[in-house]
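Architecture and fold: a report
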Amino acid sequence: MHPIQHCKTILKHRHAVWKHCCRAGIPLQGLLHDLSKFSPAEFWVGALYWQGTRSPNEEEREQKGYSSAWMHHKGRNKHHFEYWTDYNPATKRMEPVPMPLRYVAEMFCDRVAASKVYLGDAYTDAAPLEYYLRGKQRRVIHPRTANALEHLLTMLAEQGEEKTFAHLRRALRRHDS
């Protein structure tokens, strides 16, 4: 059990997300980001499976075949595409629905911050895109959401943070007006 290390990882990640959300023009979302990680359902499971080099949810999933912490988390945090599924009355199946841009922006900030926290000095602006592409084929995400996120991650890899965050701020302002 590693509650102190897990707490430090959460705080480091949240701080990085908050900084990125400020750069994207959504500081309140950054401030509220991932507060559910401090709930007992997520915190103690994360402390039990903490390793410091990847999400404890991955280890829990490998040990148990599922992650109870992840199921709790994704149902409470709108910046995860998994939150955005609903019953389609026409097909009678659960299907992905498009995410609002403000949550796509937070998801982008989250992925960049997670890459920085877990990769440390090995981080490059291409790392979040590379991670995204490794799981692309098995991801169930609405095509419009996937295209928006992949566009931002590709821009980050090719043009860097300054241009990507400037682009994101402009897109959010256009979307909100």
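See the structure shown above.
Let me sum up the structure you'll find in this document. (Residues numbered from 1 in each chain as written. Predicted model: local features only at pLDDT ≥ 70, side-chain atom pairs only at ≥ 80, totals over all residues. Heavy atoms only, no water.)

Turning our eyes to something else, we now look at the pairing of strand β2 (residues 93–96). Pairing between strand β1 (residues 85–88) and β2: four bridges, direction antiparallel. Looking at β2, one finds that N88 is bridged to R93. Where β1 folds back onto β2 in an antiparallel hairpin, the turn is made up of four residues, including K92, whose phi is positive at roughly 60 degrees. (Pairing = 2+ DSSP bridges. Helix = DSSP H or I, 4+ residues; strand = E, 2+ residues; numbered from the N terminus.)

So, about helix α6 (residues 101–119). Between its first and last C-alpha atoms α6 spans 27 Å; for 19 residues at 1.5 Å apiece the expected length is 27 Å, and the two agree. In terms of burial, α6 is a largely internal element, 14 of the 19 residues being buried. Following α6 by one or two positions, G120 has its phi on the positive side, about 60 degrees. (Expected span 1.5 Å × (residues − 1). Buried < 20%, exposed > 50% of the residue type's maximum accessible area, 1.4 Å probe, protein only.)

Okay, the packing of helix α7 (residues 127–134) against helix α8 (residues 143–159) next. Running from N to C, α7 and α8 cross one another at 145 degrees; their axes reach a closest spacing of 8 Å. In this structure, the crossing between α7 and α8 has a hand that is left-handed. Contacts between α7 and α8 involve P128, L129, Y132 and L133 from the former and A146, L149, E150, L153, T154, L156 and A157 from the latter. Residue composition of the contact of α7 with α8, grouped by class: nine nonpolar, one polar and one charged. (Axes fitted to C-alpha atoms, helices over the stretch in contact; angles between N-to-C directions. Left-handed = near helix turned anticlockwise from the far one by under 90°. Contact = heavy atoms within 4.5 Å. Nonpolar A, V, L, I, M, F, W, Y, C, P; charged D, E, K, R; others polar.)

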